[in-house]
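Geometric and topological summary
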Amino acid sequence: MDIKISPSVLAADFANLEGELKKCEAADLIHLDVMDGHFVPNISIGIPVIAALKKVCSIPFDVHLMISHPARYIKEFVKAGADIITFHAECDDGIDETIDEILACGCRAGVAIKPNTPAEAVLPYIDRLSMVLVMTVEPGFGGQSFMESTVPKIAQIRKAAPDIDIQVDGGINFETIKTAAAAGANVFVAGSAVFNSENPQETIEILRKNAQA
Ligand code: DX5
Ligand code: ZN
């Protein structure tokens, strides 16, 4: 599987997002966390910010929707520049309908599951998905510690879906990336690890090397 590193802008300097993205030229994707203060107890960025960043960045946008009603906003996120949209299996909209809407907009679809949600919540949909996101922390905040309890679930999904992209998000650093990769993950979100480092470019390269090892 191709290893992909997706820096999460949530940990970047919001006063200078263009400059922060310029430090990430080695990234395969840019991870954009959208929170509505309802599905998760936090509010982050939305459609206008994504649309503005699209004009200054040519790396594909990996949009992570932590919102209760993703289906009604899909068209706008695609128009804003999302290349893949991941929503949560635990949201209040139908999973099939939301996938339909994403695919109908010509976008790639992903489904995310929280740490306590079993793999079975996503497995029925994998044929229509480009990616499954296994949250390795409770969604809502950056800077939390990687939950080892999620590792067997990564392996279970990899066994059921040998060719799908499996993304992990939360607490990914130089060490935990090895654990997640060994279990079968191949797409790695990293917020604090990248943006709190002296040299984001070099950090991305080290993360990639550690995932390959
Ligand atoms: C958390 C977000 C993550 C977050 C990860 O709900 O989905 O993408 O930015 O941050 P770190 O890498 O700092 O755990
Ligand atoms: Zn995320």
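Provided above is the structure to which this section pertains.
Here we summarise the structure given alongside this text. Just so we're clear, the structure is a prediction, and the values are computed from it rather than from any experiment.

Comments concerning the coordination of the zinc ion (ligand 2)
- Every protein donor of the zinc ion (ligand 2) is accounted for by His31 (NE2), Asp33 (OD), His64 (ND1) and Asp169 (OD), and the metal-donor separations fall at 2.0 to 2.3 Å.
- Around the zinc ion (ligand 2) sit 6 donor atoms, and with donor-metal-donor angles ranging over 71 to 170° the site reads as octahedral.
- Mapping the donors of the zinc ion (ligand 2) onto the primary sequence gives the spacing H-x1-D-x30-H-x104-D. In this pair, Asp33 sits in strand 2 (residues 30-35) while His64 sits in strand 3 (residues 61-66), placing the two residues 31 residues apart along the sequence. The pair formed by Asp33 and His64 is uniform in burial state, with each residue classed as buried.

Considering the pairing of strand 2
- Buried residues dominate strand 2, accounting for 6 of its 6 residues.
- Burial along strand 2 is two-sided: Ile30, Leu32 and Val34 facing one way and His31, Asp33 and Met35 facing the other are all buried.
- Bridge count for strand 2 against strand 3 is 6 bridges, and the pairing is parallel. Paired with Val34 across the bridge in strand 3 is Leu65.
- Each parallel crossover has a hand, and the one from strand 2 via helix 2 (residues 47-54) to strand 3 is right-handed.

With respect to the site of ligand 1
- Close to ligand 1 lie 19 residues, the nearest being Ser8, Gly140, Asp169, Gly191 and Ser192.
- In the environment of ligand 1, an oxygen atom lies 2.8 Å from a nitrogen or oxygen atom belonging to the side chain of Ser8.
- With respect to ligand 1, the backbone of Gly171 contributes an N or O atom lying 2.8 Å from an oxygen atom.
- When ligand 1 is considered free in solution it has 380 Å² of accessible area, and contact with the protein chains removes 99% of it.
- Looking at the shell around ligand 1, the elements that each hand over two or more residues are strand 2, strand 3 and strand 8 (187-190).
- Of the residues assigned to the shell around ligand 1, the class counts are 7 nonpolar, 10 polar and 2 charged.

Comments concerning the packing of helix 5 (residues 151-160) against helix 6 (residues 176-183)
- Running from N to C, helix 5 and helix 6 point in directions that differ by 35°, and their axes come no closer than 8 Å. Each of Val151, Ile154, Ala155 and Arg158 in helix 5 lies in contact with helix 6, whose residues at this interface are Thr179, Ala180 and Ala183.
- Looking at the contact of helix 5 with helix 6 residue by residue, the classes come out as 5 nonpolar, 1 polar and 1 charged.

Topic: the pattern of salt bridges
- If you walk through the whole model with that rule in mind, you get 10 salt bridges.
- The salt bridge partner of Asp83 is Lys54, with a shortest N-O separation of 2.7 Å. One end of the pair, Asp83, is in the loop between helix 3 (74-80) and strand 4 (84-88); the other, Lys54, is in helix 2, and 29 residues separate them in sequence.
- Taking the relative accessible area as the measure of exposure, Asp83 reaches 31% and is therefore partly exposed.
- Residue Lys54 is classed as partly exposed on the basis of its relative accessible area of 28%.
- One salt bridge connects Glu175 with Lys178, and the closest N-O pair in it is separated by 3.4 Å.
- Glu175 gets classed as exposed once you look at its relative accessible area, which sits at 52%.
- Overall, the relative accessible area of 36% leaves Lys178 in the partly exposed class.

Each value, and the rule that gives it
- Residues numbered from 1 in each chain as written.
- Chains lettered and ligands numbered in written order.
- Predicted model: local features only at pLDDT ≥ 70, side-chain atom pairs only at ≥ 80, totals over all residues.
- Heavy atoms only, no water.
- Donors = N, O, S within 2.8 Å, 3.2 Å for Na, K, Ca; no water.
- Tetrahedral: all angles 85-135°; square planar, octahedral: opposite > 155°, others 65-115°.
- Helix = DSSP H or I, 4+ residues; strand = E, 2+ residues; numbered from the N terminus.
- Buried < 20%, exposed > 50% of the residue type's maximum accessible area, 1.4 Å probe, protein only.
- Pairing = 2+ DSSP bridges.
- Right-handed = clockwise from strand over helix to strand, strands pointing away.
- Near = heavy atom within 4 Å.
- Polar contact = N/O pair within 3.5 Å; in protein donor to acceptor, adjacent residues only side chain to side chain.
- Areas by Shrake-Rupley, 256 points an atom, 1.4 Å probe, with all protein chains shown as cover.
- Nonpolar A, V, L, I, M, F, W, Y, C, P; charged D, E, K, R; others polar.
- Axes fitted to C-alpha atoms, helices over the stretch in contact; angles between N-to-C directions.
- Contact = heavy atoms within 4.5 Å.
- Salt bridge = Lys/Arg side-chain N within 4 Å of Asp/Glu carboxyl O.

Distances and angles like these do not, on their own, reveal function.
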